Amino acid sequence: MDHLTKLEQQSIFIFREAYNSFDSIVMPWSMGKDSNVLIWLAKKAFLGRVPFPLLHIDTTYEFPEMYQFREWATKFHNVEVKVGINEDARKRGIGYETHDPVTVTHELKTLALQRALAEGKWQALITGIRRDEDPTRAKERYFSPRNKDNEWNYKDQPPEFWNQFATHVGPGENVRVQPILDWTELDIWLYIRREGIPIPSLYFAREGKRYRSLGCWPITHPVESNAATVDEIIEELRHTKTSERSGRAQDHAERNAMQKLRAKGFF
Amino acid sequence: MSSSSANPQSAIRTPQSAGPLAPEIGYVPTRLAADYSIATTETARLNVVVVGHVDHGKSTLIGRLLFDTGSLMKGKIEQVQKACAAEGMEFEYAFLLDALLEEQEQNITIDTTRIPFHTANREYAIIDAPGHTEFLKNMVTGAASASAAFLLIDAHEGIKEQSKRHAFLLSLLGVGQLVVLVNKMDLAAYGEARYREIVAEYSAFLVTLGLKPAHFIPVAAKHGDNIATHSARTPWYTGPTVIEALDGFADIDNLSAKPLRFIVQDVYRWDDKRVFAGRIESGTVKEGDRIVFSPGGKTSTVAKIERWSSPERTEAETGESVALSLTDQIFVERGHIGTHEQDGANESQQFRARIFWIQQEKLRIGQPLTLRLVTQETQAEVISIEKIVDATTLSEVSRSGADAHVARHEVAEVTFRTKKPLAFDVTGSIAPTSRFAIYAGRAPSGGGVILPGRYFQRGKEGGVAENLFWSAGRITRATREARNAHPGMVIWLTGLSGSGKSTVATELERQLFISGRQVYLLDGDNMRQGLNAGLGFSSEDRTENIRRAGEAAKLLADAGVIVITAFISPFAADRERVRSILPANRFVEVYINAPVEVCKTRDPKGLYARAERGEIKEFTGVSSPYEAPVKPEIELHTDQVTADQAVEQLLEFLAPRLELNRDPQI
């Protein structure tokens, strides 16, 4: 079995374990490449359907194309999409125009997510994080429990071996299920190419620049690139020395910024 | 397919054709047609774990490997330099992996990390495992997914506790390929003698585990000696470098050629169809194959292998997650294992296993546990601990009786009894279906591999089927006994009124009950109130009373219950009749012997006093004879020992008789 198929088949296995283990599941959907791969894998696992809702945490700072993509893909994949916005923070005037990226990310992403979770009471969240994105994500588990405050107890994670997972959830708690944890950025692109998975066009170079990772537009910067096709992106990634999230300002605000964000519930 | 409203103002347009899915107008995302030939040429990715004692340099080695192979992203070195400066340290390669603030502050590895990395020949996921004893669960997490391991030993400190324990766990986890790195050679002045000493001592240890490392390599990870290139400081070493040894690990797939094991994860009932979703853990399945599901043995034929948006194929290979539809409406659920008829799985509710225990609380006999073996889950308990091994010395730990337990970080051989029958393989045959996780709480507390034994194997002649309660045909005494994991039997207490029968019987029942046995106490009171109402105390009535009690006890024993009776039962012939209606070794006569004088002084119900006054006629020991047993199985002198001591003596005597499959001569 080739390398990509091996990853795909393990992800399908994880999806099915999650679906069997939990009564209610939600899959956050940023509409970025990873979360579109995630939808695709869910459809592989469940024979063409996504048997749980998607959740878009809308920071209100999405690139315009992302809203178009959301509308198109909702119909294309025939999925139920819920949208979570921290309206309260917007009313208080929290925004990139006036606040630092860590505060805004916390308010418009993490808190918006927490509110949506408190309302939806889902037992499990299926996330599209990968180990190669960030060293703290490298320490994650396929099934990663979160307490009532959505906090990650990274100092005492449950053991995980032989495909046996921590599937217990107490009241108010949830488990993050991470089916593409072992994939790399290159794997994602190879898979998009192999399967023909629809993605937004912001990833492709125009005038010598492209987005490698998509977030809120005020704090997401394009990288220098001439890769205008999937094949060119694949070729670029084979040789790059720039990290994937280098264009994501909130990661680099301070030492261990990601760890701090993630311990509080950020993906 | 419908498109959303167009946004003609948008500056963002698709830079390439969206293929057949493109509508004429409106937003179109980027999409190419599927091309399944993509990436089939990508090299496989091998998982390699780095283990060893704390501070022997695991994270440093990996950091160095990343550095020497040019695998680091831009800015990474600067980031680490910044972190080191904040901690007031010189450059620390380990910080490339020890990303948590707590890890950097304490300069330790808390949790396992996995990072992709490649040499000129192959892709790897390299797994850093912590060396502290308290993080052993994280080491297990990291190592369990690896195909090969580097084990580090500090040349200066030598072989330590985790050097040995980690090797033992590697062997248990099934990580067979091993290369030992003798690290920090700089601290041993790059001396060959010290290196040879460690090689000799450690080889001797590994032999006892059945592990044979492919190589020993002297290295100084911090300085890069023998990592990517041969070091001039160890001219006496001519073996491979670490990178060469890494590329030398084999990517072993020994499951494709094994018998089929299709593990059922779920049953999906969609679109008026019922499909069985699951994974091929070993072997291959084809449409039209006859499949038998264990446990239980139901059979059907594969009608179709279902996949979504994948090339149509009529077979599925090892590692594939597919869904099967069957030709027959049979009841199959999560946990079932589909096999071919001629190569079935073992099925049992009792098996021996070698386990490791990583939870703080001790594992004890009879403690309620949950076992998960692939997708099967059952409640279970340990019914005996045969051997406990100190994983750092391989010497046996001796603990018995009430103190019998397996402590954290120990390895043991134990026998499990499960509530539901399990389908499994034994270690050394098909790895994924021969190992299980043990849950004493929310997260895995340990794991184990099933040891070979005389188990029933579906499709094979000569298996031992007696411990299967679902076997075809009638439910027999044997099948019931197998489920209870103890024989159904009658423990017949006889003795004078006041000798202590009820006291002993009540306590015996309690003790057997809390140890998980099916047990029931029949005594004079509950019999005479119902079944034997109307019977008096004449000799005839007494004989009939005992006959009925005996028949009731026999029925319960037949149902698999341990029946305790507490009747005076004064006549030997009556007791012998009960013995005669039960199978051999299923009747235990217990003589509760206390002299009549002692019984009279106890006289808890005042019966002796009333008998002596003539108010009760034919009272045993006063006005009616008591025929003491000539050859009881056991005699308890309740005038010489306390009731509790008597119960202990009785339990001690019964213990071997409560086991199944015992030699009937005992």
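Residues numbered from 1 in each chain as written. Chains lettered and ligands numbered in written order. Predicted model: local features only at pLDDT ≥ 70, side-chain atom pairs only at ≥ 80, totals over all residues. Heavy atoms only, no water.

Caption draft 1: Here's a closer look at the overall build of chain A. When you go through chain A residue by residue, the secondary structure sums to 8 helices and 8 strands. Taken over C-alpha atoms, the radius of gyration comes to 18 Å for chain A, in line with the 18 Å a tight globule of 267 residues would show. By its C-alpha atoms, chain A is 55 × 50 × 40 Å across when sized along the principal axes. Taken across its 267 residues, chain A has 66% of its residues classed as buried. Sequence separation of 24 or more characterises 73% of the internal contacts of chain A that already satisfy a separation of 6 or more. Summed over all atoms, the accessible surface of chain A reaches about 8,900 Å², with 48% contributed by carbon and sulfur. Positive and negative charge centroids in chain A, built from 38 and 38 side chains respectively, lie 2 Å apart. (Helix = DSSP H or I, 4+ residues; strand = E, 2+ residues; numbered from the N terminus. Rg over C-alpha atoms; globule rule 2.2 N^0.38 Å. Buried < 20%, exposed > 50% of the residue type's maximum accessible area, 1.4 Å probe, protein only. Contact = heavy atoms within 4.5 Å. Areas by Shrake-Rupley, 256 points an atom, 1.4 Å probe, with all protein chains shown as cover. Lys, Arg positive; Asp, Glu negative; His and termini not counted. Charge placed at Lys NZ, Arg CZ, Asp CG, Glu CD.)

Caption draft 2: Representation of the environment of glutamate 648 of chain B. If you trace the backbone, glutamate 648 of chain B turns up in helix H15 (residues 643–654). Considered as a pair, glutamate 648 of chain B and valine 504 of chain B are 144 residues apart in the sequence and their alpha carbons are 9.7 Å apart.

Caption draft 3: Quick look at the interface of chain B and chain A. Between chain B and chain A, the residue contacts involve 100 residues of the former and 82 residues of the latter. Of the roughly 8,000 Å² buried between chain B and chain A, counting both surfaces, carbon and sulfur atoms make up 55%. At the surface where chain B touches chain A, the tally comes to 6 salt bridges. Here arginine 49 of chain A ties to aspartate 271 of chain B by a salt bridge, and the two come within 2.8 Å at their closest N and O atoms. At the boundary of chain B with chain A, the tally comes to 30 residue pairs in polar contact (both at pLDDT 80 or more). In terms of residue class, the side of chain B that touches chain A is made up of 45 nonpolar, 30 polar and 25 charged. (Buried area = accessible area lost by both parts, 1.4 Å probe. Salt bridge = Lys/Arg side-chain N within 4 Å of Asp/Glu carboxyl O. Polar contact = N/O pair within 3.5 Å; in protein donor to acceptor, adjacent residues only side chain to side chain. Nonpolar A, V, L, I, M, F, W, Y, C, P; charged D, E, K, R; others polar.)

Caption draft 4: Up close: the sheet that holds strand E29 (residues 634–637) of chain B. All names here are of chain B. If you trace the 5 strands from one edge of the open sheet to the other, you get E26-E27-E25-E28-E29, paired in parallel fashion. Only two strands of the sheet have a single partner each, and these edge strands are strand E26 (519–523) and E29. Going across the sheet, the axis of each strand differs from the next one's by a mean of 20 degrees, ignoring polarity. Relative to strand E28 (residues 587–593), strand E25 (residues 489–494) is paired through 5 bridges, and the arrangement is parallel. Opposite tryptophan 492, over in E28, you have glutamate 589 as the bridge partner. In the packing of H15 onto the sheet, the strands contacted are E25, E28 and E29, and the crossing angle to E29 comes to about 165 degrees. (Pairing = 2+ DSSP bridges. Axes fitted to C-alpha atoms, helices over the stretch in contact; angles between N-to-C directions.)

Caption draft 5: A look at the pairing of strand E21 (residues 411–424) of chain B. Residue and element names in this part refer to chain B. The element E21 is extensively covered by neighbouring structure, given that 12 of its 14 residues are classed as buried. The pairing of strand E15 (residues 346–357) with E21 spans 10 bridges and is antiparallel. Paired with phenylalanine 351 across the bridge in E21 is phenylalanine 416. Where strand E18 (residues 376–389) and E21 come together, 8 bridges link them in antiparallel fashion.

Caption draft 6: The sheet that holds strand E11 (residues 298–306) of chain B, seen in detail. Here we have 6 strands rolled up into a closed barrel, ordered E7-E8-E13-E11-E10-E14 (chain B), and antiparallel in their pairing. Adjacent strand axes in the sheet meet at a mean angle of 50 degrees, parallel and antiparallel pairs treated alike. Relative to strand E14 (residues 337–340) of chain B, strand E7 (residues 261–270) of chain B runs antiparallel, the two sharing 2 bridges. What sits directly across from phenylalanine 262 of chain B, in E14 of chain B, is glycine 338 of chain B. Sitting on the sheet, helix H1 (residues 3–21) of chain A touches E7, strand E8 (273–282) and strand E13 (321–326) of chain B, and the angle it makes with E7 of chain B is about 60 degrees.

Caption draft 7: Structural context of helix H6 (residues 192–209) of chain B. Residue and element names in this part refer to chain B. Its 18 residues give H6 an end-to-end C-alpha distance of 26 Å, which sits within 8% of 26 Å, the value for a rise of 1.5 Å per residue. Burial in H6 covers these residues: Tyr195, Ile198, Val199, Tyr202, Phe205, Leu206 and Leu209. Each buried residue of H6 lies within a common arc of 140 degrees when the element is viewed along its axis, so the set occupies one face. Residues of H6 that are exposed and point over 90 degrees away from its buried face: Ala193, Val207 and Thr208. On its buried face, H6 is in contact with strand E4 (148–154), helix H5 (161–173), strand E5 (177–183) and strand E6 (215–218). (Expected span 1.5 Å × (residues − 1). Arc of directions from axis to C-beta.)

Caption draft 8: Region of the structure containing unusual backbone geometry. Residues and elements named next belong to chain B. With omega at -10 degrees, the peptide bond leading from serine 294 into proline 295 counts as cis. Inspection of the secondary structure assignment puts proline 295 in the loop between strand E10 (290–294) and E11. A positive phi is found at lysine 184, a non-glycine position, where the angle reads about 60 degrees. Inspection of the secondary structure puts lysine 184 in the loop between E5 and H6.

Caption draft 9: Expanded view of the packing of H5 of chain B against H6 of chain B. Residue and element names in this part refer to chain B. For the pair H5 and H6, interaxial distance at closest approach is 10 Å and the crossing angle is 30 degrees. It follows that H5 is roughly parallel to H6 by the angle criterion. Considering only the axes of H5 and H6, their crossing is right-handed. Residue-level contacts link Ser163, Lys164, Ala167, Phe168 and Ser171 of H5 to Tyr202, Phe205, Leu206 and Leu209 of H6. (Parallel < 35°, antiparallel > 145°, perpendicular 65-115°, else oblique. Left-handed = near helix turned anticlockwise from the far one by under 90°.)

Caption draft 10: Region of interest: the nonpolar core. In this structure, Phe15 and Trp189 of chain A together with Phe351, Phe416 and Phe436 of chain B are the most contacted members of the largest nonpolar core, which totals 97 residues. Residue contacts for tryptophan 189 of chain A: discarding those within four places in its chain leaves Lys33, Ile199, Tyr203, Phe204, Arg210, Val230, Ile233, Ile234 and Leu237 of chain A. (Core = buried A, V, L, I, M, F, W, Y, C linked by side-chain atoms within 4.5 Å.)

Caption draft 11: Quick peek at the packing of aromatic side chains. Within the structure shown, the criterion is met by 42 aromatic pairs over all chains. Judged by centre distance (5.8 Å) and plane angle (70 degrees), the ring pair of phenylalanine 46 of chain A and tyrosine 268 of chain B falls under edge-to-face. Here tyrosine 268 of chain B lies in strand E7 and phenylalanine 46 of chain A lies in the loop between helix H2 (33–45) and strand E2 (54–57), a pairing that spans two chains. Here phenylalanine 46 of chain A matches tyrosine 268 of chain B in class, with each residue buried. Ring plane angle 80 degrees and centroid distance 4.8 Å describe the contact between tyrosine 61 of chain A and tyrosine 96 of chain A, whose orientation is recorded as edge-to-face. (Phe/Tyr/Trp six-rings, centres within 6.5 Å; stacked < 30°, edge-to-face > 60°.)

Caption draft 12: Region of the structure containing a negative patch on the surface. All names here are of chain B. A cluster of like negative charges, contributed by Asp251, Asp253, Glu315 and Glu317, occupies part of the molecular surface. With respect to the element layout, aspartate 251 can be found in the loop between helix H7 (242–248) and E7. The class for aspartate 251 is partly exposed, based on a relative accessible area of 36%. (Patch = residues over 30% accessible without salt bridge, like charges linked within 9 Å, V, L, I, M, F, W, Y side chains within 5 Å.)

Caption draft 13: Structural detail: the pattern of salt bridges. All chains considered together, the criterion is met by 61 salt bridges over all chains. When the shortest N-O distance is used, the salt bridge between lysine 44 of chain A and glutamate 8 of chain A registers 2.9 Å. Residue lysine 44 of chain A is found in helix H2, and its partner glutamate 8 of chain A is found in helix H1; the two are separated by 36 residues along the sequence. A relative accessible area of 3% means that glutamate 8 of chain A is categorised as buried. Ionic contacts of the salt-bridge type, sharing partners, join the residues Arg477, Glu481, Lys554, Asp558 and Arg586 of chain B into one network.

Caption draft 14: Representation of the pairing of strand E1 (residues 45–52) of chain B. All names here are of chain B. Of all 8 residues in E1, 8 are buried; the element is thus mostly enclosed. The two faces of E1 match: Arg45, Asn47, Val49 and Val51 on one face and Leu46, Val48, Val50 and Gly52 on the other face are all buried. For E1 and strand E3 (residues 123–128), the ladder comprises 6 bridges, and the chain directions are parallel. When the sheet's bridge partners are listed, leucine 46 is paired in E3 with tyrosine 124. The sheet contact formed by E1 and E4 spans 5 bridges and is parallel. Within E4, the position partnered with valine 49 by the bridge is alanine 149.

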